[in-house]
Amino acid sequence: GAGVSQSPSNKVTEKGKDVELRCDPISGHTALYWYRQSLGQGLEFLIYFQGNSAPDKSGLPSDRFSAERTGGSVSTLTIQRTQQEDSAVYLCASSYRRTGGTDTQYFGPGTRLTVL
Amino acid sequence: AQSVTQLGSHVSVSEGALVLLRCNYSSSVPPYLFWYVQYPNQGLQLLLKYTSAATLVKGINGFEAEFKKSETSFHLTKPSAHMSDAAEYFCAVSDLGGYNKLIFGAGTRLAVHP
């Protein structure tokens, strides 16, 4: 079946502009995660959505970052007033939360963001 | 707090040689441990995961890892390296069976030479 998809695959923007990154999780997956992969910081957790529960935003680096998940499916990560340090690959993952078992997070190919 | 340390940011082996990628974790609760592989310009792919069912875990592509609580380690091995194994490998820990965020190590880039 189809995996996690992300768009765009590459985004180049100017400092100070806003950007939106999109993630389409695997159909039926209830959990969705955003991570950031950068040279200096490695792989960092950003935010986690699980069903209708309040999201875990503990990894968002500043209030310029926000994310939403509409209808329990597609998610959008928004970065306002982008800075050069926001340049990174943004990875989305989804999983199916099952009772009594463990989740496997399936990752998308990522969006490479370059802030000039 | 949980953390993961991967010893060796770069490892180079000959084709056919043993692959050993090291991972040590820190966790105050029983951990769930994962190894992911990332090929160039691709996302992460799960190799294997430890879920407390068995300490020796077998994954895809001939990889396996052994959970050693006394050493807080979860090293990844493969008996015979193949050129196609060249990639970056990440060890990760979760405290809630993967129901929660993954904490990743810094990664180890594996090079395989003829």
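As the structure is a computational prediction, the values presented were derived from the model and not from experiment.

Caption draft 1: Looking closely at the state of the cysteines. All names here are of chain B. Scanning the model with the defined rule gives 2 disulfides over all chains in all. Note that Cys 23 is cross-linked by a disulfide to Cys 91, the S-S spacing being 2.0 Å. Residues Cys 23 and Cys 91 are joined by a disulfide whose S-S torsion is about -65°; by sign, that bridge is left-handed. Here Cys 23 is found in the loop between β3 (19–21) and β4 (24–26), whereas its partner Cys 91 is found in strand β10 (residues 87–94), with 68 residues between them in sequence. Among the residues examined, Cys 91 registers a relative accessible area of 0% and is labelled buried.

Caption draft 2: Here's a closer look at the sheet that holds strand β1 (residues 5–7) of chain A. Residue and element names in this part refer to chain A. An order of β1-β3-β7-β6 is seen for the 4 strands of this open sheet, with the pairing classed as antiparallel. Only two strands of the sheet have a single partner each, and these edge strands are β1 and β6 (65–69). Shown here is a sheet whose adjacent strand axes are inclined to one another by a mean of 15°, direction ignored. Two strands pair when backbone bridges link them, and β6 and strand β7 (residues 75–79) are joined in this way by 5 bridges, in the antiparallel orientation. The residue of β7 that forms the bridge with Ala 67 is Leu 77.

Caption draft 3: Just the nonpolar core, in detail. Trp 35, Leu 47, Leu 48, Phe 74, Leu 76 and Tyr 89 of chain B are the most contacted members of the largest nonpolar core, which totals 26 residues. Where this core is concerned, the elements lending two or more residues are β2 (10–14), β3, β5 (32–38), β6 (44–50), β8 (64–68), β9 (73–78), β10 and β12 (108–113) of chain B. Considering every element that reaches this core, the biggest residue donor is β10 of chain B, with 4 residues. Beyond its immediate sequence surroundings of up to four residues, Leu 76 of chain B is in contact with Val 19, Leu 20, Leu 21, Trp 35, Leu 47, Leu 48, Phe 63, Glu 64, Ala 65 and Tyr 89 of chain B. The next biggest cluster of nonpolar side chains, apart from the first, holds 20 residues, and it includes Val 4, Ile 26, Ala 88 and Tyr 90 of chain A.

Caption draft 4: Highlighting the confidence of the model for chain B. With 96% of its residues at a pLDDT of 70 or more, chain B has an overall mean of 91. No element of chain B has a lower mean pLDDT than strand β11 (residues 103–104) of chain B, at 92, and none a higher one than β3 of chain B, at 98.

Caption draft 5: Inspection of the side chain of Asp 85 of chain B at higher detail. Residues and elements named next belong to chain B. By the secondary structure assignment, Asp 85 is in the loop between β9 and β10. Classification of Asp 85 by relative accessible area gives buried; the value is 3%. At a separation of 2.9 Å, a polar atom in the side chain of Asp 85 contacts the side chain of Lys 78. Apart from the residues within four sequence positions on either side, Asp 85 is in contact with Phe 63, Lys 78, Ser 80, Leu 110 and Val 112.

Caption draft 6: How the structure looks around unusual backbone geometry. Residues Ser 7 of chain A and Pro 8 of chain A are joined by a peptide bond in cis, for which omega reads -10°. Inspection of the secondary structure assignment puts Pro 8 of chain A in the loop between β1 and β2 (10–13). If you check the backbone angles, Asn 61 of chain B has positive phi at about 60° while not being a glycine. Along the polypeptide, Asn 61 of chain B turns up in the loop between β7 (56–58) and β8. Unusually for a residue other than glycine, Thr 72 of chain B sits at a positive phi of about 45°. When you line up the elements, Thr 72 of chain B lands in the loop between β8 and β9.

Caption draft 7: Geometry of the interface of chain B and chain A. Listed per partner, the contact involves 19 residues of chain B and 21 residues of chain A. A buried area of about 1600 Å², summed over both sides, lies between chain B and chain A, and 51% of it is on carbon and sulfur atoms. Counting across the interface, chain B meets chain A through 0 salt bridges. Taken together, chain B and chain A are joined by 4 residue pairs in polar contact (both at pLDDT 80 or more). For the side of chain B that touches chain A, the secondary structure elements donating two or more residues are β5 and β6 of chain B. The residue makeup of the side of chain B that touches chain A, split by class, is 9 nonpolar, 8 polar and 2 charged.

Conventions and cut-offs
Residues numbered from 1 in each chain as written. Chains lettered and ligands numbered in written order. Predicted model: local features only at pLDDT ≥ 70, side-chain atom pairs only at ≥ 80, totals over all residues. Heavy atoms only, no water. Disulfide = S-S within 2.5 Å. Helix = DSSP H or I, 4+ residues; strand = E, 2+ residues; numbered from the N terminus. Buried < 20%, exposed > 50% of the residue type's maximum accessible area, 1.4 Å probe, protein only. Pairing = 2+ DSSP bridges. Axes fitted to C-alpha atoms, helices over the stretch in contact; angles between N-to-C directions. Core = buried A, V, L, I, M, F, W, Y, C linked by side-chain atoms within 4.5 Å. Contact = heavy atoms within 4.5 Å. pLDDT = per-residue confidence, 0-100. Polar contact = N/O pair within 3.5 Å; in protein donor to acceptor, adjacent residues only side chain to side chain. Buried area = accessible area lost by both parts, 1.4 Å probe. Salt bridge = Lys/Arg side-chain N within 4 Å of Asp/Glu carboxyl O. Nonpolar A, V, L, I, M, F, W, Y, C, P; charged D, E, K, R; others polar.

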